[in-house]
Amino acid sequence: MSTEPTEIEDPVPAPPALSIIIPTYREAENLPDLLRAIDGVRREHGLDAEVLLMDDDSPDETRRIVADLGYDWVHLHVRTHNRGLSPAVLDGLTLARGTLCVVMDADLSHPPERIPDMIAALNDGADLVIGSRYAPGGSTDARWGLLRRVNSRVATLLARPFTNVKDPMSGFLAFRRRLLDDAAAFNPVGYKIGLELIVKCRCQDVREVPIHFADRTRGRSKLTVAEQLRYLQHLRRLAVFRYPNVACLIQFLIVGASGVVVNLVVLTALLAAFVPKELAIAAAIVVSIATNFLMNRRFTFSYARKGSIARQFLGFVGACSLGAVVNYAVTLTVLGYLTDIPQLAALVGIVAGTGINFTMNRLFVFKRTLVDKRPSP
Ligand SMILES: Nc1nc2c(ncn2[C@@H]2O[C@H](COP(=O)(O)OP(=O)(O)O)[C@@H](O)[C@H]2O)c(=O)[nH]1
Ligand SMILES: [Mg+2]
């Protein structure tokens, strides 16, 4: 006897195998071609896929066009809160019902015809598949100018400490939905969701399917300079996540170098204003200590921003003073025993003093245990 239900229809349709999440803003002109192309791929490859259009309430014909096309596998979600590309994608991922997810742009830059190959790579065991412009066989639009090429390559290079993937900036991605279950503090800033997935989900097997990236021919790009600056903020967060100690030390050194600049600028300005030398030098030192403190509190040890600023300032000055004493002692010792060159001895002293300075600040002044354990931004 067959146990399969035959007559009774399931009122809740079974979830599709694949959810394609597409963030959109003012993409009405591109949606008909895009959705027809996806329809073609669904038919040709028998792909059981839904499309989630995550639209930020576009002031164009998006709603009407989607309704007119009449595809029952396309779901338009109009968002009016927390707008932006990555929140839209994240919302899409929470609504997705498929076991597999694809994220892609709406402007026809990402060819839907490559989705079956991306799915095949996932089924072959990949954790994350990238539709890649820079993998062998991939290409970008011939109209890309030099500036755009350099810009894209530099952005890719900056991601190198986190991944060897050829195109970590790509917004064309495929992965299993459950990949996100293991995401540690998943929080993409801007639109580098692939890079965020690689780092935060600790993807081991990342594969690239070559694509031809066509430039959008209709509508406008929303990639702004502000978005690009947000990428630097994103990289900083990823560095703090992946390499907490090294990231902390590097930020400390950058802040230290900025203190040298502050000192020299203040000194020059005060001397130009005819402030006496002795006073100008002292003031420049005080100002640079203060800016160093504030910058370290804001960036290097940002996890400790909730601690008492007065206590931290005293601790910072104390740690710096100890660093100065160590610097002095080491310089004299090296000069006495290892070299005759004072500048060389001073360099060794600076390294030792800075090391003490950093260690004291890290361990005692800006203690991790004194502040709440939320991931630092
Ligand atoms: N929901 C939503 N989608 C956006 C937003 N900004 C861009 N998009 C969509 O994200 C995709 C990539 O944006 P695009 O402007 O093409 O960026 P570019 O390819 O880097 O120039 C497109 O499908 C856009 O419609 C936004 O603020 N909200
Ligand atoms: Mg685009």
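The structure displayed is predicted, hence computed values, not measured ones.

Enquirer: Just to check I follow, could you spell out the overall build of the protein for this structure?
Expert: Across its full length, the protein holds 11 helices and nine strands. For the protein, the C-alpha radius of gyration of 27 Å lies well beyond 21 Å, the compact-globule estimate for 377 residues. Taken across its 377 residues, the protein has 42% of its residues classed as buried. Of all intrachain contacts in the protein linking residues separated by at least 6 positions in sequence, the fraction that spans at least 24 positions is 75%. Accessible surface for the protein amounts to roughly 20,500 Å². Of this, 62% is attributable to carbon and sulfur atoms. Side chains of the protein carry 43 positive and 37 negative charges; the gap between the two charge centres is 12 Å.

Enquirer: Sorry if this is basic, but what is going on with helix H9 (residues 277-300) here?
Expert: Each α-helix turn comprises 3.6 residues. Residues three or four places apart therefore point the same way. End to end, H9 covers 32 Å across 24 residues, agreeing with the expected 34 Å (1.5 Å per residue, within 8%). Those residues of H9 that sit buried are Ala 280, Ala 284, Ser 288, Asn 292, Phe 293, Asn 296, Arg 297 and Thr 300. Next to the buried residues of H9 lie helix H8 (244-272) and helix H10 (309-337).

Enquirer: Even after reading the chapter, I still don't get the confidence of the model for the protein, so can you show me in this structure?
Expert: Caution is warranted with low-pLDDT regions, since their predicted coordinates should not be read in detail. Overall, the predicted model of the protein reaches an average pLDDT of 90, with 93% of residues at or above 70. Taking the mean pLDDT of every element in the protein, the minimum, 87, falls on helix H7 (residues 225-242) and the maximum, 98, on strand E8 (residues 206-210). Residue range residues 370-377 is modelled with pLDDT below 50. Its contacts to residues more than four positions away, or to other chains, number 13 contacts.

Enquirer: Mind showing me how you'd approach the packing of H9 against H10 here?
Expert: For any two helices packed against each other, the geometry is given by the interaxial angle and the distance between the axes. Following both chains from N to C, one finds H9 and H10 inclined at 120 degrees, their axes separated by 11 Å at the closest point. Classified by the interaxial angle, the pair formed by H9 and H10 is oblique. The chirality of how H9 crosses H10 is right-handed. Contacts from Ile 289, Asn 292, Phe 293, Leu 294, Asn 296 and Arg 297 of H9 reach H10 at Ile 309, Gln 312, Phe 313, Phe 316 and Val 317.

Enquirer: What exactly am I supposed to notice about the packing of H8 against helix H11 (residues 342-365) here?
Expert: Close contact between H8 and H11 brings their axes to 11 Å; oriented N to C, the two are set at 120 degrees. Taken as axis vectors, H8 and H11 run oblique relative to one another. In the crossing of H8 with H11, the sense of the turn from one axis to the other is right-handed. Taking contact as the criterion, the partners of Pro 244, Asn 245, Cys 248, Leu 249, Phe 252 and Leu 253 in H8 are, on H11, Thr 354, Asn 357, Phe 358, Asn 361 and Arg 362. Among the residues forming the contact of H8 with H11, the class breakdown is six nonpolar, four polar and one charged.

Enquirer: What should I look at first to understand unusual backbone geometry in this one?
Expert: With the exception of glycine, the majority of residues adopt a negative phi angle, and the majority of peptide bonds are in the trans configuration. In this structure, Arg 202 is a non-glycine residue whose phi angle is positive, near 50 degrees. Along the chain, the position of Arg 202 falls in the loop between helix H6 (193-200) and E8. Positioned with a positive phi, Phe 274 is a non-glycine residue whose angle comes to about 65 degrees. By the element assignment, Phe 274 lies in the loop between H8 and H9. By relative accessible area, which is 76% here, Phe 274 ends up exposed.

Enquirer: Would you take a moment to explain the domain arrangement of the protein for this structure?
Expert: The accessible area lost on association of the parts is a frequent measure of interface size. Domain annotation of the protein identifies domain 1 (18-242) and domain 2 (245-365). For domain 1 versus domain 2, the distance between C-alpha centres works out to 44 Å.

Enquirer: Would you mind showing me how to read the sheet that holds E8 here?
Expert: Backbone-to-backbone hydrogen bonds pair the strands of a sheet. The strands run either parallel or antiparallel. As summarised here, the arrangement of the seven strands in space is E3-E2-E1-E4-E7-E5-E8, forming an open sheet in which the pairing is mixed. On the outer flanks of this sheet lie strand E3 (74-78) and E8, each paired with one strand and no other. The mean inter-strand angle of the sheet, taken between neighbouring strand axes irrespective of direction, is 20 degrees. One ladder, built from three bridges, connects strand E5 (residues 128-132) with strand E7 (residues 173-176); its direction is antiparallel. From the neighbouring strand, Ile 130 faces E7, where its bridge partner is Leu 173.

Enquirer: Teacher, can you tell me more about a nonpolar patch on the surface here?
Expert: The grouping of Leu 146, Val 150, Val 154, Leu 158, Val 225, Leu 229 and Leu 232 at the surface amounts to a nonpolar patch, some 670 Å² of accessible area in total. At the level of secondary structure, the elements contributing two or more residues to the nonpolar patch comprise helix H5 (146-158) and H7. Sort the elements by how many residues they give to the nonpolar patch and H5 lands first, with four residues. Here Leu 146 shows up in helix H5.

Enquirer: Where do I start with the environment of Val 266 in this structure?
Expert: Residue placement: Val 266 occurs in helix H8. Judged by its relative accessible area of 18%, Val 266 is buried. Considered as a pair, Val 266 and Ala 284 are 18 residues apart in the sequence and their alpha carbons are 5.3 Å apart. Sequence-distant contacts of Val 266, defined by excluding residues within four places in its chain, comprise Ala 284 and Val 287.

Enquirer: What should I look at first to understand the site of ligand 1 in this one?
Expert: Taken together, 16 residues surround ligand 1, and among them Pro 23, Glu 27, Arg 216, Ser 221 and Lys 222 come closest. One nitrogen or oxygen atom from the main chain of Tyr 25 is found 3.0 Å from an oxygen atom belonging to ligand 1. Here a nitrogen atom of ligand 1 and a side-chain polar atom of Asp 56 are 2.8 Å apart. Protein chains shield 88% of the accessible area of ligand 1, which is 560 Å² for the free molecule. Every element with two or more residues in the shell around ligand 1 is listed here: strand E1 (18-24) and helix H3 (85-95). Tallied by class, the residues present in the shell around ligand 1 amount to seven nonpolar, three polar and six charged.

Cut-offs used in this document
Residues numbered from 1 in each chain as written. Chains lettered and ligands numbered in written order. Predicted model: local features only at pLDDT ≥ 70, side-chain atom pairs only at ≥ 80, totals over all residues. Heavy atoms only, no water. Helix = DSSP H or I, 4+ residues; strand = E, 2+ residues; numbered from the N terminus. Rg over C-alpha atoms; globule rule 2.2 N^0.38 Å. Buried < 20%, exposed > 50% of the residue type's maximum accessible area, 1.4 Å probe, protein only. Contact = heavy atoms within 4.5 Å. Areas by Shrake-Rupley, 256 points an atom, 1.4 Å probe, with all protein chains shown as cover. Lys, Arg positive; Asp, Glu negative; His and termini not counted. Charge placed at Lys NZ, Arg CZ, Asp CG, Glu CD. Expected span 1.5 Å × (residues − 1). pLDDT = per-residue confidence, 0-100. Axes fitted to C-alpha atoms, helices over the stretch in contact; angles between N-to-C directions. Parallel < 35°, antiparallel > 145°, perpendicular 65-115°, else oblique. Left-handed = near helix turned anticlockwise from the far one by under 90°. Nonpolar A, V, L, I, M, F, W, Y, C, P; charged D, E, K, R; others polar. Domains from an automatic or database assignment. Pairing = 2+ DSSP bridges. Patch = residues over 30% accessible without salt bridge, like charges linked within 9 Å, V, L, I, M, F, W, Y side chains within 5 Å. Salt bridge = Lys/Arg side-chain N within 4 Å of Asp/Glu carboxyl O. Near = heavy atom within 4 Å. Polar contact = N/O pair within 3.5 Å; in protein donor to acceptor, adjacent residues only side chain to side chain.

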